Amino acid sequence: MSIKSDNRHLYLQVIDRLKQDIERGEYKEKEKLPSEFDLAKQLGVSRATLREALRILEEENVIIRRHGVGTFVNAKPLFTSGIEQLNSVTDMIKQAGMKPGTIFLSSSTQGPTEEDIRRFSCSADEEMVVIERVRTANGKPVVYCIDKVPERILPDTFSHGEESLFNILEGEANRRITYAVAKIEPIGYHERISPILECDPETALLVLKQMHFDEMDEPILFSVNYFKADKFSFHVLRKRT
């Protein structure tokens, strides 16, 4: 099983070999890898070389290391999306060939916070509708969603039964979302949200905060979505200017 020497650094060869072994199914998702001692011996490299390769594989989310337990193959994300593509959660789940669903948690009308006033350029006496939901894929919870919309924008016929707020705003309120300003950040285990999403203790979350704008450049929807990091992968296309 030892790797064949080429002109590249050994740790790069180890990375490629382990990725190939995972792709071939020699190591399956969530399976524990051999100990560092055994794996280094099998590959014919030093433990220092192996550790560097494992460090990079962990950064790439190919593996996950649990202190005092071992190294495991990470599950492949079920949903992938370009961060430059403005897709609803419903569309992302459908594109993965799964059935979207919604668990409604709460809806309330409240006065705007200072941040809301700044984000929506609204007055202090304007009411905001705050909706909390869990989005499911084939019945499994995958995203925890908090959405804020100025009450004046939502139609009187607004129903929590509709899966996509995008569709409600466009189809019933005649407000088409055309772009969003987004910020994404990883966080660890969340005491309240992680159990709702049925996360393992070591599963991180990806938090996507977005301010959505319509065709008139008016801010109409602010959302905070907590994605299970082992189920979702976001990428961005960068072009040289």
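See the structure shown above.
Numbering of residues begins from 1 in every chain and follows the order in which that chain's sequence is written. Owing to the predicted nature of the model, reporting of local features is limited to residues with pLDDT of at least 70; listing and counting of side-chain atom pairs is limited to 80 or more, with chain, interface and lining totals taken over all residues. Think of the side-chain values as coming from all heavy atoms in the structure, minus any hydrogens and water.

### Some details on the sheet that holds strand β8 (residues 205-214)
Next, step 1: Strand pairing follows a simple DSSP-based rule, namely that at least 2 bridges must link the two strands. Helix and strand labels come from DSSP, where a helix needs a run of H or I of at least four residues and a strand needs a run of E of at least two; each type is numbered from the N terminus. The antiparallel open sheet is built from six strands, whose spatial order is β4-β5-β6-β9-β8-β7. Single-partner strands in this sheet number two, and they are β4 (100-110) and β7 (177-187). Pairwise comparison of adjacent strand axes, ignoring direction, gives a mean angle of 15° for this sheet.
Next, step 2: Two strands pair when backbone bridges link them, and strand β6 (residues 140-150) and strand β9 (residues 219-228) are joined in this way by six bridges, in the antiparallel orientation. Within the sheet, the bridge partner assigned to Tyr144 lies in β9 and is Tyr226. To define axes, lines are fitted to C-alpha atoms, for helices over the stretch in contact only, and angles between the resulting N-to-C directions are given on a 0 to 180 degree scale.

### Some words on the pairing of β6
Next, step 1: Relative accessibility thresholds used throughout: buried, under 20% of the residue-type maximum; exposed, over 50%; partly exposed, between the two (1.4 Å probe, protein chains only). Counting buried positions along β6 yields nine of 11 residues, so the element is predominantly enclosed.
Next, step 2: As paired strands, strand β5 (residues 128-137) and β6 are joined by 10 bridges and run antiparallel to one another. Considered in β6, the bridge of Val130 is made with Lys148.
Next, step 3: Taking the residues that link successive antiparallel strands as the turn, the β5-β6 hairpin has two residues, and the phi of Asn138 there is positive, at about 55°.

### As for the nonpolar core
Generally speaking, soluble globular proteins have nonpolar side chains that are buried together.
Next, step 1: Throughout this description, the term nonpolar core refers to a set of buried Ala, Val, Leu, Ile, Met, Phe, Trp, Tyr and Cys residues connected via side-chain atoms within 4.5 Å. Counting 17 residues, the largest nonpolar core has Val14, Leu18, Tyr27, Leu43 and Leu50 as the members making the most contacts within it.
Next, step 2: Every element with two or more residues in this core is listed here: α1 (10-23), α2 (36-43) and α3 (47-59).
Next, step 3: Of the residues forming this core, the biggest block, five residues, is contributed by α3.
Next, step 4: One finds Cys122, Val134, Cys199 and Met211 within the second-largest nonpolar core, a separate group that totals 15 residues.

### Focus on α1
Every α-helix winds through 3.6 residues per turn, so residues three or four apart in the chain are directed the same way.
Next, step 1: What a helix is expected to span follows from its residue count: subtract one and scale by 1.5 Å. Taking 1.5 Å as the rise per residue, α1 with 14 residues should run 20 Å; its terminal C-alpha atoms sit 20 Å apart, in good agreement.
Next, step 2: Those residues of α1 lying buried are Gln13, Val14, Ile15, Arg17, Leu18, Asp21 and Ile22.
Next, step 3: Where α1 is buried, its residues contact α2, α3 and β2 (70-73).
Next, step 4: Looking one or two places after α1, you find Gly25, whose phi comes out positive at around 90°. Throughout, a residue-residue contact means that at least one pair of heavy atoms, one from each residue, lies within 4.5 Å.

### Thoughts on the layout of surface pockets
Next, step 1: Points on a 1 Å grid, built from protein atoms alone, make a cavity when a 1.4 Å probe fits but cannot get out and make a pocket when they are open with protein on both sides within 12 Å along at least 5 of 7 lines; residues with an atom within 4 Å of a point are the lining residues. Grid points are joined across faces, edges and corners, and a volume is the space filled by probe spheres set on the points. In this structure, the largest pocket encloses a volume near 530 Å³.
Next, step 2: Around the largest pocket, the lining is made up of 22 residues, and of these Asn61, Asn74, Ala204, Ala229 and Asp230 lie nearest the centre.
Next, step 3: A per-class count over the lining of the largest pocket returns 12 nonpolar, four polar and six charged.
Next, step 4: Of the voids in this model, the second largest pocket is the one considered here, and its volume is about 240 Å³.
Next, step 5: What lines the second largest pocket is a set of 14 residues, and nearest its centre among them are Ile22, Glu23, Val62, Asn74 and Lys76.
Next, step 6: Considering each element in turn, the lining of the second largest pocket owes the most residues, three residues, to α1. Note on residue categories: nonpolar means Ala, Val, Leu, Ile, Met, Phe, Trp, Tyr, Cys or Pro, charged means Asp, Glu, Lys or Arg, and polar means any other residue, Gly included.

Honestly, it's all geometry; don't read function into it.
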